[in-house]
Amino acid sequence: MKAAKKPVTIMTGSLGSGKTTLLQNLLTHHQLKENIAVIVNEFGKVGLDHYLLRQAEEKTTLLQGGCICCQSREDLAEELQNYLFRYEQGDIAFDRIIIETTGLADPAPILFTIMTHPILQHHFVVDGIITTVDAKNGAMQMRNHETTVKQISAADTVALTKIDLVTKEELAFIRAEIIKINPSCTILHVENGNVEPSILHVARKYSSNVLPGNNELAPHTIQSHIQSISFAFLQPLNWNSFGVWLSLLLYARGENILRVKGLLDVGEAGPIILNGVQHIIHPPIHLHEWPDHTQVSHIVFIMKDIPTELLKQSLLSFQTFLGTKVDLLHVHTI
């Protein structure tokens, strides 16, 4: 019997957004049932976060001197293979690996490394990306740092930290800004780094109610740096035809598609969950039934430097092959 792949959680977020505090509290939580190994990536010659985490979790490895989203991906692949070898030899035991990135990391190349490596892809699966966002400084970081937007775009779960430092109005504002960037993510409020171990599993559950189902937001077609656009499909779509369209889109503009996530009706009892970051698409998940008994088929794209009108026209021109009418839900300019 083939062994199940080990889940990998990528934890990312801007500098000072509370990643290490959250991870340290998580690893020492009394209800944590999983045996977790940790890979920490830091710039510089001395990794302080590594020592903080080592107090909580002995299976901690530090990757130094670079960012695993770029030049040090070989280091990451090597370290994951090292964990795999030691696990198979019986030297260590773990149920999950958490990769804590630097605040400068784009999660997409990390995901690409694990999903395409000839060895790693058969033994590990990325089952969630958690992004920490500082409630006090997050809005400023979104405006000034493209990496922050990419980290939020890629997230399955956004951990909104330092909520004790902001007013209710400020908290509502930062939540709205996150939803503008990634309307399909789950947002959790975190105070002093305290989280439940369930944060590692929230990403597995697709929440169908996070996308707007109304037209309160008027569409905009002004090209901006980052935009999100979502569509509804009014009838079951032809999955093969949709796959052709999506493949062509990602081949031509994959680097500019920061995130794609969908809950798609393909004429079966349950929907297909589509989940991708840039040009990387996770294997689709077939559900046996619709979540919350609401059969709403929709998809959201988060894009950089692609006119939303261009994507809209492309999808509309293909709808005959899809076998369904396409309805624009909303467009956000970020």
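Reading the values: the criteria
Residues numbered from 1 in each chain as written. Predicted model: local features only at pLDDT ≥ 70, side-chain atom pairs only at ≥ 80, totals over all residues. Heavy atoms only, no water. Helix = DSSP H or I, 4+ residues; strand = E, 2+ residues; numbered from the N terminus. Buried < 20%, exposed > 50% of the residue type's maximum accessible area, 1.4 Å probe, protein only. Contact = heavy atoms within 4.5 Å. Polar contact = N/O pair within 3.5 Å; in protein donor to acceptor, adjacent residues only side chain to side chain. Pairing = 2+ DSSP bridges.

1. Quick notes on the environment of Ser17
Here Ser17 lies in the loop between β1 (6–13) and α1 (19–27). By relative accessible area, Ser17 is classed as buried at 0%. Along the sequence, Ser17 and Lys136 sit 119 residues apart, while their C-alpha atoms lie 9.4 Å from each other. In this view, Ser17 contacts Thr132, Val133, Asp134 and Thr161; residues no more than four positions away in its chain are not counted. At 2.7 Å, the side chain of Ser17 and the backbone oxygen of Ser14 are in polar contact.

2. Regarding the pairing of strand β9 (residues 257–264)
Buried residues dominate β9, accounting for eight of its eight residues. Inspection of the sheet shows β9 paired to strand β13 (residues 297–304) by six bridges, in the antiparallel sense. The partner of Arg259 across the bridge, within β13, is Ile302. Sheet topology note: the β9/strand β10 (residues 272–277) ladder contains five bridges and is antiparallel. From the neighbouring strand, Leu263 faces β10, where its bridge partner is Ile273.

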